[in-house]
Each structure stands twice: as structure tokens, then as C-alpha cells.
Amino acid sequence: QVQLVESGGGSVQPGGSLRLSCAGSGSSSSIRAMGWYRRAPGKTRELVALIYTYGTTTYAGPVKGRFTISRDNGKNTVYLQMNSLKPEDTAVYSCYVLSSSRAEYWGQGTQVTVSS
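The shown structure was predicted, so the numbers you read here are calculated from the model rather than taken from an experiment.

Caption draft 1: Layout of the pairing of strand S4 (residues 31-39). Among the 9 residues that make up S4, 7 are buried, leaving the element largely enclosed by the rest of the structure. With 8 bridges joining them, S4 and strand S9 (residues 91-99) adopt antiparallel strand pairing. When the bridges of S9 are listed, isoleucine 31 appears paired with serine 99. The hairpin formed by S4 and strand S5 (residues 46-52) contains 6 residues between the paired strands, and glycine 42 there has a positive phi angle of roughly 75°.

Caption draft 2: Up close: the pattern of salt bridges. Taken as a whole, this structure holds 3 salt bridges when the rule is applied. Between arginine 38 and glutamate 46 there is a salt bridge, with its nearest N and O atoms 2.7 Å apart. Each of Arg38, Glu46, Arg66 and Asp89 takes part in salt bridges that share partners, so that together they form one network.

Caption draft 3: Molecular detail of the nonpolar core. Grouped together as the largest cluster of nonpolar side chains are 28 residues, with contacts concentrated most on Trp36, Val48, Phe67, Val78, Leu80, Met82 and Tyr93. Mapped by element, the contributors of at least two residues to this core are strand S3 (18-24), S4, S5, strand S7 (67-72), strand S8 (77-82), S9 and strand S11 (110-114). Per-element accounting of this core gives the leading share, 4 residues, to S9. In contact with valine 78, other than residues within four places in its own chain, are Leu20, Ser21, Cys22, Met34, Gly35, Trp36, Ile51, Ile69, Ser70, Arg71 and Cys95.

Caption draft 4: Structural view of the sheet that holds S8. Pairing is antiparallel in the open sheet, where 4 strands are placed in the order S1-S3-S8-S7. Here the strands that pair on one side only, and so sit at the sheet edges, are strand S1 (4-7) and S7. Each neighbouring strand pair of the sheet contributes to a mean axis angle of 15°, computed without reference to strand direction. The pairing of S7 with S8 spans 6 bridges and is antiparallel. Bridging across to S8, phenylalanine 67 finds its partner in methionine 82.

Caption draft 5: Up close: the state of the cysteines. Across all of its chains, the model carries 1 disulfide by this definition. One disulfide bridge connects cysteine 22 with cysteine 95, the sulfur atoms lying 2.0 Å from each other. What sets the handedness of the cysteine 22 and cysteine 95 disulfide is the S-S torsion sign, and at about -85° it is left-handed. Taken together, the residues cysteine 22 in strand S3 and cysteine 95 in strand S9 connect sequence positions 73 residues apart. What makes cysteine 22 buried here is its relative accessible area of 0%. With a relative accessible area of 0%, cysteine 95 lands in the buried category.

Caption draft 6: Summary view of the packing of aromatic side chains. Within this structure, the stated rule accounts for 3 aromatic pairs. Measuring from ring centre to ring centre gives 5.2 Å for tyrosine 37 and tyrosine 96, while their planes differ by 65°; the resulting arrangement is edge-to-face. Of this pair, tyrosine 37 sits in strand S4 while tyrosine 96 sits in strand S9, placing them 59 residues apart in sequence. When the centroid spacing of 4.9 Å and the interplanar angle of 65° are considered together, the rings of tyrosine 37 and tryptophan 106 count as edge-to-face. Of the two residues, tyrosine 37 is situated in strand S4 and tryptophan 106 in strand S10 (residues 104-106); the sequence distance between them amounts to 69 residues. Sitting above the plane of the tyrosine 37 ring, arginine 45 keeps its charged end 6.0 Å from the centroid. Above the plane of the ring of tryptophan 106 lies arginine 45, whose end atom (NZ or CZ) is 3.8 Å from the centre.

The rules behind these values
Residues numbered from 1 in each chain as written. Predicted model: local features only at pLDDT ≥ 70, side-chain atom pairs only at ≥ 80, totals over all residues. Heavy atoms only, no water. Buried < 20%, exposed > 50% of the residue type's maximum accessible area, 1.4 Å probe, protein only. Helix = DSSP H or I, 4+ residues; strand = E, 2+ residues; numbered from the N terminus. Pairing = 2+ DSSP bridges. Salt bridge = Lys/Arg side-chain N within 4 Å of Asp/Glu carboxyl O. Core = buried A, V, L, I, M, F, W, Y, C linked by side-chain atoms within 4.5 Å. Contact = heavy atoms within 4.5 Å. Axes fitted to C-alpha atoms, helices over the stretch in contact; angles between N-to-C directions. Disulfide = S-S within 2.5 Å. Phe/Tyr/Trp six-rings, centres within 6.5 Å; stacked < 30°, edge-to-face > 60°. Lys NZ or Arg CZ within 6 Å of the ring centre and 35° of its normal.

Now the structure itself:
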């Protein structure tokens, strides 16, 4: 079982930056990948970024070059640095964990609002 505690998020003007953090319980050996998904109003949930235990990363096209995902395996924590934020980045961002047994876990979500 993995429990996730998210922090960060909030409101920012276009062009601004935010950093999301997500700490997972349990040993790092039980976690295969960590990442973030988002759901904008009226849209389906989509992958933002994912990082595997050995550092391989995946980014959604719209965030490439602006967002950076990183991970502290010792702390079971994943970070999402979001730069050059745009209004279309407004969404609820949820932490995601894929365990070694292929079980999936989700955080409660944190709101990110980009508006002038």
C-alpha cells in the first residue's frame, strides 16, 4: 500500500512558475514509477510527466521544455517544476505512483490556476 501526500500548487500569472511535490510512503523498492497527471475543467485526465526508478522520463507534448520532473528515491518523493506557465495549464494536478506489482495509486490532487 502506498499513500501520497502532495504539496505545492496555487495561483500564478502567465509566465510564472510553481513547484509540486509528492511524498509516497513505503520503500522505494516497491515503487516503479512516479509522476503527475492533470485534469482541466471539462476535459479528461491526461499524463503530464512520469519518471521511473532509474531516471527515465516521459513528458506530455504541451509541457516539454517547460516542466521538469525529478525524483528523490531515498525520500520516495517526486517533484514537478513548472515554468513558463500558461492559462491552459490550469487544472487539478494529481500525483501518481506505479508500484513494482503494477498497482496504481493516486494523490488527492492539488489545484493549479494560471490567470492574469
